Amino acid sequence: MKNYADTIAFLGEWGRYQQMMFFLLCATIFPNGFGAFTLVFLADVPNHHCLVSDEVNLTEDWRKSIIPIKVVNEKQVGSRCSRYRLDVVQNLSVQGYIPGRDINLTDLEEEACMEGWRYSKDIYQSTIISEFDLVCSDQWKQPFTQTVFFVGALFGSFFSGQLSDRYGRKPVLFATLIVQTVFTFAQVFSVSWTMFIIILLINGLGQMSNYVAALVLGSEILTGDVRILYSSLGTCFGFAAGYMMLPLIAYFLRDWKSLLLALSVPCLAYLPFWWVLPESPRWLLSQGRVEEAEAIIRKAAKWNKVQAPDDIFKDYYSLQISNTKTDPKVKHNVFDLLRHSSLRSTTLIVCLVLFTVTMAYYSLSFNTAQLHADPYISCFISAVIEIPAYITSWLALKYFPRRVSVITSLILGGLPLFFIQLVPSDLSNLSLALEMFGKFAITTGFSLMFAYISEIYPTGLRNTATGTCNTASRIGSCVAPSLLNLSIYSKYLPYVTLGTLSLLSALTALFLPETFKHPLPETIQQMQTRESL
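Residues numbered from 1 in each chain as written. Predicted model: local features only at pLDDT ≥ 70, side-chain atom pairs only at ≥ 80, totals over all residues. Heavy atoms only, no water.

Draft legend 1. Structural detail: the overall build of the protein. Within the protein, the regular secondary structure consists of 24 helices and 6 strands. Counting only C-alpha atoms, the protein reaches 100 × 50 × 40 Å along its principal axes. Across the 533 residues in the protein, those meeting the buried criterion constitute 53%. For the protein, the share of sequence-separated contacts (at least 6 apart) that also reach a separation of at least 24 residues comes to 80%. With the model as given, the accessible surface of the protein reaches about 23,700 Å², and the carbon-plus-sulfur share is 62%. On the protein, the mean spot of the 40 positive side-chain charges and the mean spot of the 40 negative ones are 9 Å from each other. (Helix = DSSP H or I, 4+ residues; strand = E, 2+ residues; numbered from the N terminus. Buried < 20%, exposed > 50% of the residue type's maximum accessible area, 1.4 Å probe, protein only. Contact = heavy atoms within 4.5 Å. Areas by Shrake-Rupley, 256 points an atom, 1.4 Å probe, with all protein chains shown as cover. Lys, Arg positive; Asp, Glu negative; His and termini not counted. Charge placed at Lys NZ, Arg CZ, Asp CG, Glu CD.)

Below is the structure:
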């Protein structure tokens with residue numbers, strides 16, 4: 001029996017049908033570029049200090065001096081979480097004492113911000129930090145908010161893969177798009193931090209699940225070099241486009257509610273895509289729905305203005321009749337990834353590699369977001385730097401074996417992170433260059449892995465496997481904020497940890513199967529016949 005790609009070769013690789021599928025699916029990935037990076041602006045902490053009501057009777061000198069001066073990172077700044085006792089300061093003000101001349105301020109007792117905080121509006125009109133007062137004793141809620149989003153993405157990745165293999169790629173793609181749109185919009189109406197993170201958790205369920213569904217659907221609709229272009233460059237550029245749009249939109253909308261509205265309402269434009277994007281013919285064939293698959297291909301032939309054969313999937317018809325007479329249709333699930341020894345080892349290695357590259361990607365992305373004092377510029381730089389990485393990933397997928405490409409990106413991503421600790425403190429630009437090169441290589445590997453996964457697993461398990469492995473990657477993203485906090489114990493500990501994991505993952509990747517220039521496997525048996533090192 002001819003494989004799927006050979007069966008539909010009469011369509012060509014880049015006709016009107018494939019062009020439409022390519023660009024529409026890339027467009028559905030734009031919202032994922034916002035994703036967790038929206039929290040860079042929503043959950044940023046503006047400068048703040050204790051609120052002192054204008055109605056309090058204080059002289060101008062005491063009003064300026066009521067906030068204690070602290071030394072932070074060898075700089076003197078006003079305290080964010082305390083003030084001198086208001087009743088004492090009022091009494092001294094009434095008596096005419098001058099702060100710093102008549103009264104030594106360091107001798108005064110301090111108290112917490114009893115009436116709340118005053119937030120700077122130099123950068124933002126408002127964020128969820130200023131809206132819900134997530135500072136001082138509640139400052140732990142700021143990084144926890146980010147973790148909640150990634151926990152949602154973790155569960156979404158896991159369950160959406162199985163749902164997609166059971167009910168189809170198209171329903172899951174649009175269901176997750178709807179979840180993103182509705183719950184991003186719903187966050188605007190949050191009246192408390194608890195309400196906000198509950199909605200954010202549900203929002204996270206749809207965010208990366210949409211990316212996985214679109215990746216798999218495109219990988220199964222497109223063939224040949226176009227499939228490689230889509231899996232590497234197309235999906236990643238769609239993500240990067242959304243990522244780069246984010247700081248632009250946020251620059252003009254500096255209120256967190258306005259920003260969320262601007263990111264959610266335009267997503268309604270994706271609803272008409274339902275009547276244009278088809279179900280995956282590969283998935284339909286794997287379910288024995290040959291007539292539906294053939295109808296889609298005949299429609300594609302009309303779009304491309306080519307003549308379709310009378311019996312496009314005659315081999316599949318014969319196979320369907322044979323299977324109907326002998327065995328019931330096999331339903332795969334996540335346990336199939338562990339049931340077979342070859343599948344089990346491959347899945348564990350893929351999960352480790354994805355955990356590593358995802359944790360490194362988000363750690364370095366959040367770290368490099370501090371490159372510039374302006375958060376809008378730093379976010380844009382962090383997005384732009386990924387473009388050459390995605391191009392490199394595409395070239396690697398087109399011309400080099402998958403296993404070699406992944407191993408190389410892990411090594412080149414890990415080694416510079418080790419070398420950072422050896423750079424003298426007066427050569428900060430060299431440290432920055434090493435970190436940027438590390439992020440470039442890690443981003444290349446991050447992009448490679450998603451395309452690689454779609455080639456490793458058979459059609460019946462492809463989305464389940466992609467979702468399961470993406471779940472491992474989401475664990476990496478959940479760990480990333482905590483990993484960066486290791487710098488309080490040692491400045492270079494996060495770099496050493498990431499470098500060690502990268503090299504360990506490169507070693508285990510030696511045992512992954514090679515998929516370069518092989519057709520996508522349709523069955524577990526076809527996957528198992530591939531030769532691995």
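From this point on, the discussion continues.
Draft legend 2. Looking closely at the state of the cysteines. Applying the stated criterion to the full structure yields 2 disulfides. Each sulfur of the disulfide joining Cys50 and Cys113 lies 1.8 Å from the other. Of note, the bridge from Cys50 to Cys113 carries an S-S torsion of about -65° and is left-handed in sense. Within this pair, whereas Cys50 is found in strand 1 (residues 48–50), its partner Cys113 is found in the loop between strand 5 (110–112) and strand 6 (117–119), the two being separated by 63 residues in sequence. (Disulfide = S-S within 2.5 Å.)

Draft legend 3. View of unusual backbone geometry. Positioned with a positive phi, Asp133 is a non-glycine residue whose angle comes to about 55°. Along the chain, Asp133 turns up in the loop between helix 7 (128–132) and helix 8 (141–167). One non-glycine residue with positive phi stands out, namely Lys305, at about 60°. Within the secondary structure, Lys305 sits in the loop between helix 14 (290–304) and helix 15 (314–326).

Draft legend 4. Structural view of helix 8. The end-to-end C-alpha distance of helix 8, which contains 27 residues, comes to 37 Å, matching closely the 39 Å that a straight helix rising 1.5 Å per residue would cover. Looking at the residues trailing helix 8, positive phi occurs at Gly168, about 115°. (Expected span 1.5 Å × (residues − 1).)

Draft legend 5. Examining the side chain of Gln187 more closely. The residue Gln187 is located in the loop between helix 9 (169–186) and helix 10 (193–221) in this model. For Gln187, the contacting residues outside a window of four places in its chain are Phe196, Ile199, Leu200, Asn203, Trp256 and Leu260.

Draft legend 6. Molecular detail of the pattern of salt bridges. One pass over the structure, following the stated rule, counts 14 salt bridges. In this structure, Asp138 engages Lys141 in a salt bridge whose closest nitrogen and oxygen atoms are separated by 3.8 Å. Overall, Lys141 belongs to the buried group, its relative accessible area being 16%. Here Arg227 ties to Glu455 by a salt bridge, and the two come within 3.2 Å at their closest N and O atoms. Note that Arg227 is positioned in helix 11 (residues 224–252) and Glu455 in helix 21 (residues 428–456), a separation of 228 residues in sequence. Bridged by salt links that share partners, the residues Arg83, Glu111 and Glu115 form one connected network. (Salt bridge = Lys/Arg side-chain N within 4 Å of Asp/Glu carboxyl O.)

Draft legend 7. Spatial organisation of the packing of helix 18 (residues 375–384) against helix 19 (residues 386–399). In contact at an axis separation of 5 Å, helix 18 and helix 19 are set at 10° when each is read in the N-to-C sense. One element, helix 18, and the other, helix 19, form an angle in the roughly parallel class. Counted together, Ser382, Ala383 and Val384 of helix 18 and Glu386, Ile387 and Pro388 of helix 19 form the full contact between these two elements. (Axes fitted to C-alpha atoms, helices over the stretch in contact; angles between N-to-C directions. Parallel < 35°, antiparallel > 145°, perpendicular 65-115°, else oblique.)

Draft legend 8. Spatial organisation of the environment of Val148. Note on placement: Val148 falls in helix 8. Overall, Val148 belongs to the buried group, its relative accessible area being 10%. C-alpha separation for the pair Val148 and Leu200, spaced 52 residues apart in sequence, amounts to 7.2 Å. Every residue in contact with Val148, bar those within four places of it in the chain, is listed here: Ile197 and Leu201.

Draft legend 9. View of a nonpolar patch on the surface. The grouping of Ile178, Val182, Phe185, Phe189, Val191, Met195, Leu261, Val265, Leu268 and Leu271 at the surface amounts to a nonpolar patch, some 870 Å² of accessible area in total. Considering the arrangement of structural elements, one finds Leu268 in the loop between helix 12 (256–264) and helix 13 (281–286). (Patch = residues over 30% accessible without salt bridge, like charges linked within 9 Å, V, L, I, M, F, W, Y side chains within 5 Å.)

Draft legend 10. Highlighting the nonpolar core. Among the nonpolar cores identified, the biggest contains 147 residues, and Phe196, Phe313, Val350, Tyr361 and Tyr457 are the most heavily contacted of them. Among the elements that line this core, the one with the most residues is helix 17 (residues 341–368), at 13 residues. Each residue touching Phe196, except ones within four places of it in the same chain, is listed here: Leu42, Ile128, Phe132, Thr145, Gln187, Ser190, Trp256 and Leu260. (Core = buried A, V, L, I, M, F, W, Y, C linked by side-chain atoms within 4.5 Å.)

Draft legend 11. Just the packing of aromatic side chains, in detail. Under the defined criterion, the tally for this structure stands at 28 aromatic pairs. For the ring pair Tyr251 and Phe252, a centre distance of 5.2 Å and an interplane angle of 85° mean the geometry is edge-to-face. The exposed category is assigned to Phe252, whose relative accessible area is 61%. The rings of Phe37, Phe149, Phe150, Tyr211, Phe239, Tyr243, Tyr361, Tyr362 and Phe446 are connected pair by pair, giving a single aromatic cluster. Its guanidinium or amino end placed over the ring of Trp303, Arg16 lies 5.3 Å from that ring's centre, counting from NZ or CZ. (Phe/Tyr/Trp six-rings, centres within 6.5 Å; stacked < 30°, edge-to-face > 60°. Lys NZ or Arg CZ within 6 Å of the ring centre and 35° of its normal.)

Draft legend 12. Examining the packing of helix 11 against helix 19 more closely. It is at 9 Å that the axes of helix 11 and helix 19 come closest, and there the two elements cross at 170°. Judged on the interaxial angle alone, helix 19 and helix 11 are roughly antiparallel. Facing Asp225, Ile228, Leu229, Ser232, Leu233, Cys236, Phe237, Phe239, Ala240, Tyr243 and Met244 of helix 11, the residues of helix 19 in contact are Glu386, Ile387, Tyr390, Ile391, Ser393, Trp394, Leu397 and Lys398.

Read these as geometric descriptors, not functional statements.
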